[in-house]
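# Examining the three-dimensional arrangement
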Amino acid sequence: MAVRSMAGIAQAIAASALRAQQARMRIIAENLANANSTSKTPGGDPYRRQAPVFEPAKVGGGQGVRMAKVEADQTEFRTEYNPGHPSADAKGYVKLPNVNSLVEAMDMREAQRAYEANLNVIETARAMEARTLDLLKK
């Protein structure tokens, strides 16, 4: 019985991590989708990169993880001289989002790998549980 409950705890912890990484990937996708957006008003601020904040969470008798909130990245916006652009300020500069597509792509890959690792934990825990039940039947 103890092995089965440990497998269940491992699965609950890994499932919480799956949900957290899935939320992280949605935020990264939103950042990438808005990487080249500009303000609708001259001199206004464009899209600001979002970053997930994770925190520990109790799950199924163990310590998992959850996304607590999403915070706006406060780094400076990029600027580009383009006086003919509708979003240009009085000096002709357009503010561009503080999203770096390369960083977002690397973050996405890291989130995918973490997601895959947690899927492997769930599969391994299920296999261990099934094997234990098979041994108990004999």
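Residues numbered from 1 in each chain as written. Predicted model: local features only at pLDDT ≥ 70, side-chain atom pairs only at ≥ 80, totals over all residues. Heavy atoms only, no water.

## Things to note about the packing of aromatic side chains
A ring pair, where both rings are aromatic, is described by two values, the distance of the centres and the angle of the planes. In this structure the tally under the stated criterion is 1 aromatic pair. Ring centres of Tyr81 and Tyr93 lie 5.3 Å apart, and the angle between their planes is 65°; on these two criteria the pair is classed as edge-to-face. Of this pair, Tyr81 sits in strand β3 (residues 78-81) while Tyr93 sits in strand β4 (residues 93-96), and the two are 12 residues apart along the sequence. (Phe/Tyr/Trp six-rings, centres within 6.5 Å; stacked < 30°, edge-to-face > 60°. Helix = DSSP H or I, 4+ residues; strand = E, 2+ residues; numbered from the N terminus.)

## Topic: the pattern of salt bridges
Under the criterion given, the structure shown has 7 salt bridges. The salt bridge involving Arg24 is made with Glu110; its shortest N-O contact spans 3.4 Å. Of this pair, Arg24 sits in helix α1 (residues 2-33) while Glu110 sits in helix α2 (residues 101-137); the two residues are 86 residues apart in sequence, bridging distant segments of the chain. A relative accessible area of 11% places Arg24 in the buried class. Salt-bridge contacts for Asp107 lead to Arg49; the nearest nitrogen and oxygen are separated by 3.3 Å. Of the two residues, Asp107 is situated in helix α2 and Arg49 in the loop between α1 and β1 (50-59); the sequence distance between them amounts to 58 residues. (Salt bridge = Lys/Arg side-chain N within 4 Å of Asp/Glu carboxyl O. Buried < 20%, exposed > 50% of the residue type's maximum accessible area, 1.4 Å probe, protein only.)

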